[in-house]
Amino acid sequence: MVFIFKKHINKNNIKNVRTHFPIFKSQPNLVYLDSAATNQRPQSIVAAQSHFELYENANIHRGVYDLSNKSSQKFEKSRSIIAAFLGSENSETVAFTQGTTAAINIVARSYLEPRLKSGDNIVTTVMEHHANFIPWQMLCKKYGIELRVVPIDQNGDLDMMQLKEFIDHHTQLVAVTHISNTLGTINPIADIIAIAHAKEVPVLIDAAQSISHFDISIEHLDYDFLVFSGHKMFGPFGIGILQVAEKHIQQMLPLHYGGGMIKQVTIENTQFRDFPYNLDAGTPNISGVIGISAAAVFIDALGKKNMRQHLEELTYYALDVLAQIPELTIVGTPKKQAGIISFNAKNIHPHDVASFLNKDGIALRAGMHCTQPLLAQMGLQATARISFSVYNTKEEIDLLALSLRELIKFWS
Amino acid sequence: MVFIFKKHINKNNIKNVRTHFPIFKSQPNLVYLDSAATNQRPQSIVAAQSHFELYENANIHRGVYDLSNKSSQKFEKSRSIIAAFLGSENSETVAFTQGTTAAINIVARSYLEPRLKSGDNIVTTVMEHHANFIPWQMLCKKYGIELRVVPIDQNGDLDMMQLKEFIDHHTQLVAVTHISNTLGTINPIADIIAIAHAKEVPVLIDAAQSISHFDISIEHLDYDFLVFSGHKMFGPFGIGILQVAEKHIQQMLPLHYGGGMIKQVTIENTQFRDFPYNLDAGTPNISGVIGISAAAVFIDALGKKNMRQHLEELTYYALDVLAQIPELTIVGTPKKQAGIISFNAKNIHPHDVASFLNKDGIALRAGMHCTQPLLAQMGLQATARISFSVYNTKEEIDLLALSLRELIKFWS
Amino acid sequence: MTKDDLQKLYKSKILPENEHPYHFQEIKSFDFQIEAYNPMCGDKYWLFFEQHGNQISNVFFHGFGCALSKASLSLLCKSLEGMPHKDAIELSRQFVQCLTTDLNFEFKKESLNTLAELKHFEGRVDCIKLGWEAVCNHFENYEN
Amino acid sequence: MTKDDLQKLYKSKILPENEHPYHFQEIKSFDFQIEAYNPMCGDKYWLFFEQHGNQISNVFFHGFGCALSKASLSLLCKSLEGMPHKDAIELSRQFVQCLTTDLNFEFKKESLNTLAELKHFEGRVDCIKLGWEAVCNHFENYEN
Ligand SMILES: Cc1ncc(COP(=O)(O)O)c(C=O)c1O
Ligand SMILES: Cc1ncc(COP(=O)(O)O)c(C=O)c1O
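Scope of this entry: the structure provided in the associated data block. (Residues numbered from 1 in each chain as written. Chains lettered and ligands numbered in written order. Predicted model: local features only at pLDDT ≥ 70, side-chain atom pairs only at ≥ 80, totals over all residues. Heavy atoms only, no water.)

**Considering the site of ligand 2**
The local shell around ligand 2 holds 14 residues, among which Thr101(A), Asp206(A), Ser229(A), Lys232(A) and Thr283(B) are the closest. Residues near ligand 2 are shared among chains A and B, making this a multi-chain site. Take Thr100(A): an N or O atom from its main chain is 3.5 Å from an oxygen atom of ligand 2. The contact in question runs from an oxygen atom of ligand 2 to an N or O atom on the side chain of Lys232(A), over 2.7 Å. Expressed as a share of its isolated accessible area of 400 Å², the protein-covered part of ligand 2 is 94%. Its residues assigned to classes, the shell around ligand 2 shows 2 nonpolar, 10 polar and 2 charged. (Near = heavy atom within 4 Å. Polar contact = N/O pair within 3.5 Å; in protein donor to acceptor, adjacent residues only side chain to side chain. Areas by Shrake-Rupley, 256 points an atom, 1.4 Å probe, with all protein chains shown as cover. Nonpolar A, V, L, I, M, F, W, Y, C, P; charged D, E, K, R; others polar.)

Structure follows, in C-alpha cells:
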C-alpha cells in the first residue's frame with residue numbers, strides 16, 4: 001500500500017499541486033471557489049486515513065496487542081506533529097476536538113465560564129464567524145456581563161482604537177479571528193496579542209481561515225488559545241485542534257465525562273486526568289487525528305510561504321479582474337487581504353449569481369457566511385463570496401469574470 | 001469508482017464475510033478478538049467515505065452549487081437511513097454526535113440537567129461503561145441528588161428486584177446498557193423500559209455493544225434515548241448517534257454554539273433551530289455521517305438476525321472450549337450473553353495473558369474495560385476479555401484455546 | 001436543468017416578476033403581517049394582509065431577497081387575494097408540499113405550476129417556498 | 001521481540017521475581033508509604049518505606065498487578081534499600097527516563113539493565129515503570 005505521497009510534493013511544484021486532488025481529474029471543468037467553506041482533499045491525506053482504517057485499525061490506549069499499540073503510537077505521534085506544526089515541543093498543549101466550533105465552545109465552558117464574575121467583560125469583534133461570537137454572547141447573557149464588540153471601519157479593518165479602549169483589567173478574554181471568512185481581512189493579531197497581554201488578558205485566535213498558509217507558532221505569537229479545523233486545511237471533517245498555552249493548561253476542565261479521561265472511578269467519586277487527556281472522553285476520532293496530522297505534513301511539504309504567495313497572487317489578480325466589471329461592488333477593501341473576496345452584482349442577488357455560475361461549473365458561496373452581525377453592520381443582506389486554495393489558478397478567475405459578465409448582460 | 005459493494009453481501013454468505021475486511025487479507029494470521037473495543041472495517045464502508053472525500057466533497061447547507069447540494073442531500077439522506085435503521089420514519093429524531101460518550105453527555109446536559117431538582121434521583125447500574133456512569137455521577141454531585149446504582153447478582157445479571165425498587169416518581173432517568181461490554185450480559189431492556197414507563201420515567205439505552213446485531217427499533221422498544229458509536233458497527237471513528245423519542249425533542253437544548261444551528265444572530269441576541277439541528281454547531285463530520293449510514297446499509301444487507309446467530313454460536317462455542325481449561329475462570333455467567341466473554345487465568349495477570357497471546361497473533365483486551373465500579377463489585381482488579389464480530393470463526397477460538405494452554409503450561 | 005433551460009425560465013417567468021413584482025410596497029395600515037425570513041441566506045420579507053372578515057382582500061410585500069423568492073412572493077400575493085383564509089392556507093400548504101415531497105398538484109394559475117416544477121432546482125427550493133411556508137406557519141400558530 | 005525472546009526473558013528474569021518477589025508483604029508500621037496505581041489496567045500496589053534519617057533502610061510492597069509490574073517492584077525494593085533519598089530519587093528518575101526516552105544509562109544492577117531494555121516492549125512500559133514513577137512523584141510532591 002504505497003498510496004502515501006506517491007507524487008513528490010515540494011516547494012517547486014506548487015503549480016502542479018492540482019494533480020494531487022482527484023476531484024479535478026474526475027471533474028476537469030470544476031472551478032471550485034469555495035475553499036473557505038471546506039478545502040478539497042488531496043489523495044495522500046485521504047489515503048493516510050483509509051489505509052489506517054483498512055489495515056491498521058484498532059482502538060488506542062488500553063490495548064496490549066501490536067495493532068492497538070501501533071494505533072496508540074500513531075495517535076500520540078500525531079499530537080506531537082501538530083504541536084511541532086504550531087511551534088511547540090510540548091504535545092500536551094494540543095487537544096483534539098471536533099472542529100473549530102467545538103474548540104471555541106470548550107474554551108468558553110472549560111476555561112472561561114468558571115472564572116467569570118460580575119463586572120467582567122469579554123472582547124470580540126463584529127467580523128467573527130458565529131462560532132467565535134455566539135459562545136461569548138451566551139456566556140455574557142448567562143452571567144450578566146458585558147460583551148464588547150469591536151466594530152470595523154468602512155474598509156473592513158478592525159477599529160484598533162476601539163479595541164484598545166475595550167480591553168481593560170476586567171476583560172477576561174479577547175477572542176478574534178485571524179482572517180475574516182467573509183471579507184478576507186487579515187487582522188494584526190500580533191498587535192492585538194501585545195495590547196491584550198499588556199493588560200494581562202488572554203487571547204483566543206480563530207485560525208480556521210489562516211492555518212494552512214500562515215506561519216502560526218505559539219513560540220513567536222504567544223497567543224493563549226488557538227483553534228482551527230481539519231477540513232479547512234486539506235484534512236478531514238470532524239476533527240479540529242485546540243492549542244492551549246502552557247500557563248493555562250492546569251485550568252482546563254473536562255467537557256464530557258467517559259472512558260479515557262479518568263484516573264479512578266468508584267461508585268462515589270471520579271478523578272480525572274489533566275489536559276489535554278481530560279478532553280478525550282470516549283474513543284477519539286483516531287483516523288481523523290491521523291488525517292489532520294497528515295494534513296500538517298502535506299502543508300509543510302508544500303511550504304506555507306509558497307502557499308501564501310500563491311493565494312496572494314490569486315487574490316490580487318481577482319481583485320483587479322473584478323474591479324474591471326462596473327456592475328460589481330467588492331465588499332470590503334481591507335489593508336491586508338488573503339484568499340477570500342466578497343462581492344455583489346448590481347440588481348442580482350448573490351443566490352441568483354451562484355445558481356447561474358453553477359451552470360458554468362463555478363462553485364461559489366452566497367449568503368451571510370455565518371457572519372450575520374458583520375453583514376448587519378455593513379448594511380448588507382448577503383454577499384457572493386469566492387475563496388481560493390492552493391489548487392486554484394488565474395485561468396479560473398478569468399472564467400469567473402467571463403461568466404459574471406455574461407450573467408450581467410443576460411440580466412439587463 | 002465502483003468500490004462500493006463490489007462483492008454482493010447477503011444473508012447467505014455470512015461465512016464469506018471475512019473477505020470484505022482487507023485487514024485479514026494483509027494479515028491472514030490475525031486473530032482479532034477485540035471487536036468490543038472497535039470493529040474492523042469493511043472495504044465498502046471505508047470506500048464510501050473516501051469516495052466522498054475525493055470526488056464529492058463539499059460543505060453542506062448553505063451552498064447553491066451542485067457539489068454542495070449533493071453533499072447536503074447525502075447528509076440528510078444519511079439521517080433518514082439511520083432513522084429507518086432505528087425503526088422511525090422521522091429523521092428529526094436522529095442527531096449526529098461524536099460517539100456514544102458524547103451522546104450520553106448531551107442527554108445529561110441538554111435534557112436532564114435543566115430539569116433536576118432536589119429530591120430527584122437517577123438510576124443506573126453497576127455494570128455500565130464509564131461513559132454511562134460518570135455523567136450521571138457528576139450531575140448527582142453537582143445537584144446533591146441521589147445516584148441509585150443497581151447491583152448485579154453473582155452471575156452478572158442485573159438485580160431486577162432492586163431496579164424495580166429504585167425507580168420511583170422522583171427518578172428523572174434510568175440509564176442502562178443493552179449489553180455489558182465486560183461481561184457480555186444482555187439486559188432485559190424491554191422489561192426495564194416497561195417498569196420505568198409505568199412510573200413515567202424516561203429510559204436511556206446504551207446500545208454501543210448491541211447496535212450491529214440486535215433489532216433495535218424505537219417503534220417496538222419505545223425507549224426515550226438511544227446512543228451508539230459508528231466505530232463499533234463497522235463505521236468510522238468520530239461519529240455516533242443520539243436518537244430521541246418525539247415527545248422529548250422539544251426539550252433538547254443545544255450543546256455548542258456556532259454556525260449551522262442558528263436562526264438569527266444579532267449583536268444582542270441569538271435564536272436557535274430545533275433538535276436535531278440545534279446540535280449541528282459548526283461543520284458536521286459529513287464523511288463520518290456518510291460512513292455511519294453506509295454501515296447501517298452494510299448491517300441490513302448482512303441481516304442482524306444472521307449476525308446475532310453467528311455471534312451466539314461463537315459465544316457458546318467459546319464458553320464451551322474455555323470451560324475445558326481448568327486454570328481459567330470465566331467471569332460472569334449471565335442468563336443471556338452475546339459476543340463478549342471475560343476470563344482470568346490462575347496466577348497469570350490479564351496483561352501477561354495479552355502480551356503472550358499477542359505473540360501468537362491473537363488480539364484481546366486486558367484491564368478494567370472502563371468499568372471500574374463493576375470490577376470493584378466483583379472483587380476483581382482486571383480481566384482478559386475476548387469479543388467477537390461477524391468476521392470471527394470457530395477456528396480462531398480453537399487457536400485461542402491452544403495458545404492459552406501453552407501459556408499456562410509455560411507459566412507453571 | 002441545463003443552463004439554457006435556466007436562462008429561458010428566468011427570462012420568461014422569473015425576471016419579469018422580479019423586476020415588476022406585484023404589490024411590492026411597504027404599507028402602514030394592514031390587518032396582519034407575516035415575516036418570511038431565511039436565516040441561511042438572509043432573504044427577509046414582510047407580507048402585509050388586508051382582509052374583510054375571513055376574506056383576504058389585498059396582500060402586499062416588501063423586503064430583500066433573490067429573484068426567485070421575490071418572484072414567488074409576487075405570485076403569492078396575486079394568488080391569495082380574494083381568497084377566504086381557508087383556501088389561502090390550503091393553497092399554501094399544497095404548494096409547499098408540491099415543492100418538498102413527491103406529491104404533485106395541478107394549480108389553476110399556470111405560473112404556479114411553472115414554479116412548482118422547480119422542485120428539482122436544487123439548493124433553491126428554500127427560496128421558492130419561503131413566503132408560502134411563512135403563510136402556513138402563521139396560520140398554524142396564530143389562527144388554529 | 002520474538003515469542004522466543006519473550007519466553008526466555010520471562011523464564012529467566014520475570015517469573016522468578018514474580019513468584020518470589022522480594023519483600024512482598026503488607027507491613028503495619030513504616031515511615032512513609034507510596035501508592036503505585038495504573039488506572040488504565042488496574043494494577044495497584046502499596047510501597048512501605050522504613051528509614052533512618054535520610055537513609056532508606058527497608059522497602060516492602062504489596063498489592064496486585066501483572067508479572068512485569070511485580071518483578072519491577074521487587075527489583076525496586078532491592079535497589080533502593082540502603083540508599084539515601086537523594087540517590088533513590090536519582091536512580092528512579094534515571095530508570096523512568098531510560099524507559100520513556102531515547103536516553104540510556106548503565107545501571108549497576110544487571111537486572112535493572114535487562115528491565116530497561118524492555119522499553120521497546122510496547123504496551124507494557126507502563127507496567128515496568130509503575131513503581132519507579134510513583135517514587136519519583138512522591139518525592140517531587142512531598143519532599144521538595
Ligand atoms: C457499553 C459501552 N458504552 C459506551 C462506550 C463508549 O463508546 P465511545 O468510546 O465510542 O464513545 C462503549 C465503548 O467502549 C461501550 O462498550
Ligand atoms: C473564521 C471561522 N471560524 C470558525 C469556523 C467554524 O469552523 P467549523 O465549522 O469547522 O467548526 C469557520 C468555518 O466556517 C470560519 O471560517
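**Focus: the interface of chain C and chain B**
Opposite the 7 residues of chain C that make contact, chain B presents 9 residues. Summed over both partners, the interface of chain C with chain B buries about 680 Å², with 56% contributed by carbon and sulfur atoms. If you look at where chain C meets chain B, you find 0 salt bridges. Between the two partners, chain C and chain B, sit 0 residue pairs in polar contact (both at pLDDT 80 or more). Each residue belonging to the side of chain C that touches chain B can be placed in one class, and the counts come to 3 nonpolar, 1 polar and 3 charged. (Contact = heavy atoms within 4.5 Å. Buried area = accessible area lost by both parts, 1.4 Å probe. Salt bridge = Lys/Arg side-chain N within 4 Å of Asp/Glu carboxyl O.)

**Details of the site of ligand 1**
In the neighbourhood of ligand 1, 14 residues make up the surrounding shell, with Thr283(A), Thr101(B), Asp206(B), Ser229(B) and Lys232(B) lying closest. Flanking ligand 1 are residues from chains A and B. Measuring from an oxygen atom of ligand 1, one finds a side-chain N or O atom of Thr101(B) at 2.6 Å. Asp206(B) is positioned with one of its side-chain polar atoms (N or O) 2.5 Å from a nitrogen atom of ligand 1. Look at ligand 1: alone it shows 390 Å² of surface, and the protein chains cover 94% of it. Tallied by class, the residues present in the shell around ligand 1 amount to 2 nonpolar, 10 polar and 2 charged.

**Points about the relation of the copies chain A and chain B**
When chain A is fitted to chain B, the best match, at an RMSD of 0.0 Å, comes from turning it 180° and sliding it 0.0 Å along the axis. Such a turn and shift between the copies fits a two-fold axis. In this assembly, 100% of the residues forming the interface of chain A have copies in chain B that are likewise at the interface, indicating an isologous arrangement. (Least-squares fit on C-alpha atoms with pLDDT ≥ 70 in both.)

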